[in-house]
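Chain residues, written in single-letter form:
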Amino acid sequence: MNTDVSPELRTQQLGAGVVRRATRLADGRDLIYYDDPDTTLGPDRAVDARALDARADTATMRQDVLTGDWITVAANRQNRVMMPGADADPLAPQTPTNPSEVPSRYDVAVFENRSPAFGPALAEALGTAPAAKDAPRGLDDLAALGLGRTRTSVGRCEVVCFSPEHSGSFGTQSVTRARTVIEAWADRTAALSQLPGVEQIFPFENRGEAIGVTLPHPHGQIYAYPYVTPRTTRLLDSIDRTAPDLFQRILEFEQTSERVVFRGEHWTAFVPFAARWPLEVHLMPHRHIADFAETTDAERDELAPLYLRLLRGVDALYETPTPYIAAWHQAPVHVGRDSVRLHLQLTSPRRAADKLKFLAGSEAAMWAWTAEIPPEQSAVRLRDAIATVGEVIA
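Rules behind the numbers
- Residues numbered from 1 in each chain as written.
- Predicted model: local features only at pLDDT ≥ 70, side-chain atom pairs only at ≥ 80, totals over all residues.
- Heavy atoms only, no water.
- Buried < 20%, exposed > 50% of the residue type's maximum accessible area, 1.4 Å probe, protein only.
- Helix = DSSP H or I, 4+ residues; strand = E, 2+ residues; numbered from the N terminus.
- Pairing = 2+ DSSP bridges.
- Axes fitted to C-alpha atoms, helices over the stretch in contact; angles between N-to-C directions.
- Lys, Arg positive; Asp, Glu negative; His and termini not counted.
- Salt bridge = Lys/Arg side-chain N within 4 Å of Asp/Glu carboxyl O.
- Polar contact = N/O pair within 3.5 Å; in protein donor to acceptor, adjacent residues only side chain to side chain.
- Contact = heavy atoms within 4.5 Å.
- Patch = residues over 30% accessible without salt bridge, like charges linked within 9 Å, V, L, I, M, F, W, Y side chains within 5 Å.
- Areas by Shrake-Rupley, 256 points an atom, 1.4 Å probe, with all protein chains shown as cover.
- Arc of directions from axis to C-beta.
- Core = buried A, V, L, I, M, F, W, Y, C linked by side-chain atoms within 4.5 Å.

Looking now at the pairing of strand 9 (residues 200-207). Taken across its eight residues, strand 9 has seven buried, putting it largely inside the fold. Pairing of strand 9 with strand 10 (residues 219-225), which is carried by five bridges, proceeds in the antiparallel orientation. For Phe-202, the partnering residue across the bridge sits in strand 10 and is Tyr-223. Note: strand 9 against strand 14 (residues 324-329), four bridges, orientation antiparallel.

Right, dumping it as structure tokens:
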């Protein structure tokens, strides 16, 4: 491991005592360290001294004229690392025998994905990111329908390492570490929202091989899309057809139901009335918040132990860890800011200890869902499992 101190380290104090230290990897990708408030790390970080190939060209998007959806074609993702051992973990700190993506020991680290679906090109040149030759020209351009339409897949894909350890997940972290990650989500949401051509920011965690995880290292990702995603587009349509305060109405409706899993001062967790998946739970703030960047310190402080409690409760359902997708939905960058509310949608295909729900003909082809487990029954099971976990204080 190279122990030279990076001359490019840029330091900033964030909330909750978290310190942000920004630098770049050998090929110019951004790398940001987020130090815990009680970190044992020093202020310096090692230089990334690897000899890396030039970054791959930015992928291309093709429009499906039948639906209006944009499909990214990213051939560079075909050769991603698949479930490496601890000695070849690309998210662990670098060692003399493991030239990983992170040069130094860290608490939390965020860096640009080497095999992104979006970026590195942007709608306009910025820093080390080049300008795309055929970037989307706004939301109206993306909404227009036509055969053979393509655009450059501008944006950004980032990896968020929750821990330097080889195995685990968000739910295995301490409250302090969870709070650091939440601070990182807020910081990255604010920064990525300023990138030219970016329309929506999506932090998420894939957990478990059944979901398709290729790395066992505890980590999540952040996508900065060049469009408003199809799910959010349908959500905006529902808001237009009902009321601008639809999320508040949903929250009040669920808070009076038997589907509430738990309720805090600032957040409520519930199994939604029309849950699709065998395990599905939403976590929603009590006031309107467009994205993580708009959360207060008090909301972030409460979220850390509550979110850990939820994830540990999910793992208490069975004797083995449950695969899931933890999707943090945020309002788009330029539309729907006053109506789309930040919320977690945690879903799992696990319908029994030894059974998974697979999306076959009706669901995969026609988007017509059938739920096998009543949401009210799912909420009872989750409440009972969370009760075995108790309060999360460490």
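Turning our attention to the sheet that holds strand 4 (residues 60-63). Taken together, the three strands give an open sheet; going across it, the order is 5-4-7, and neighbouring strands pair in antiparallel fashion. Two strands close off the open sheet at either side, each with one partner strand: strand 5 (70-73) and strand 7 (150-152). Across the sheet, the mean angle from the axis of one strand to that of its neighbour is 30°, orientation sign disregarded. Pairing of strand 4 with strand 5, which is carried by four bridges, proceeds in the antiparallel orientation. Bridge assignment links Arg-62 to a residue of strand 5, and that residue is Ile-71.

The next subject is the side chain of Glu-302. In this fold, Glu-302 is placed in helix 5 (residues 297-315). There is no salt bridge for the buried Glu-302, and the closest opposite charge comes from Arg-263, which lies 9.1 Å off by N-O distance. In terms of polar contacts, Glu-302 uses its side chain to reach the backbone amide nitrogen of Glu-265, at 2.7 Å. Among residues more than four places away in sequence, those in contact with Glu-302 are Gly-264, Glu-265, His-266 and Trp-267.

With respect to the element layout, Phe-253 can be found in helix 4 (residues 246-255). The sequence separation of Phe-253 and Phe-273 amounts to 20 residues, and the corresponding C-alpha distance is 9.2 Å.

What follows deals with the environment of Pro-164. Looking at the element boundaries, Pro-164 is found in the loop between strand 8 (156-161) and helix 2 (175-192). In the structure, Pro-164 is positioned 71 residues away from Pro-93 in sequence and 6.4 Å away in space, judged by C-alpha atoms. Residue contacts for Pro-164: discarding those within four places in its chain leaves Ala-92, Pro-93, Arg-105, Tyr-106, Asp-107, Arg-177 and His-217.

A contiguous nonpolar patch, built from Val-65, Leu-66, Leu-145 and Leu-147 and spanning about 480 Å² of accessible area, is present on the exposed surface. With respect to the helices and strands, the residue Leu-147 is situated in the loop between helix 1 (139-143) and strand 7. For Leu-147, a relative accessible area of 78% corresponds to the exposed category.

A word on helix 4. Leu-246, Phe-247, Leu-251, Glu-254 and Gln-255 are the residues of helix 4 that are buried. Viewed along the axis of helix 4, the buried residues span an arc of 165°, placing them on a single side of the element. Against the buried residues of helix 4 lie helix 3 (230-241), strand 11 (260-263), strand 12 (267-270), strand 13 (279-285) and strand 15 (343-348).

Right, let's get into the nonpolar core. Core analysis: the biggest nonpolar cluster contains 58 residues, and Phe-170, Trp-185, Leu-283, Tyr-307 and Trp-328 have the highest contact counts within it. In contact with Trp-185, not counting residues within four places along its chain, are Val-160, Phe-170, Pro-203, Ile-222, Phe-292, Tyr-307 and Trp-328.

In this section: the sheet that holds strand 10. The strand order across the open sheet formed by twelve strands is 1-2-3-6-8-10-9-14-15-13-12-11, and the pairing between neighbours is antiparallel. Here the strands that pair on one side only, and so sit at the sheet edges, are strand 1 (10-13) and strand 11. Each neighbouring strand pair of the sheet contributes to a mean axis angle of 20°, computed without reference to strand direction. Summarising the sheet, strand 1 and strand 2 (residues 19-24) pair through four bridges and their orientation is antiparallel. Across the sheet, residue Gln-12 finds its bridge partner in strand 2, namely Arg-20. The sheet strands contacting helix 4 are strand 11, strand 12, strand 13 and strand 15, and the helix crosses strand 12 at an angle near 65°.

Following Gly-119, the chain continues into Pro-120 via a peptide bond in cis, with omega recorded as 15°. In this fold, Pro-120 is placed in the loop between strand 6 (108-112) and helix 1. We note that Met-83 has phi near 45°; this positive angle belongs to a residue other than glycine. Here Met-83 lies in the loop between strand 5 and strand 6.

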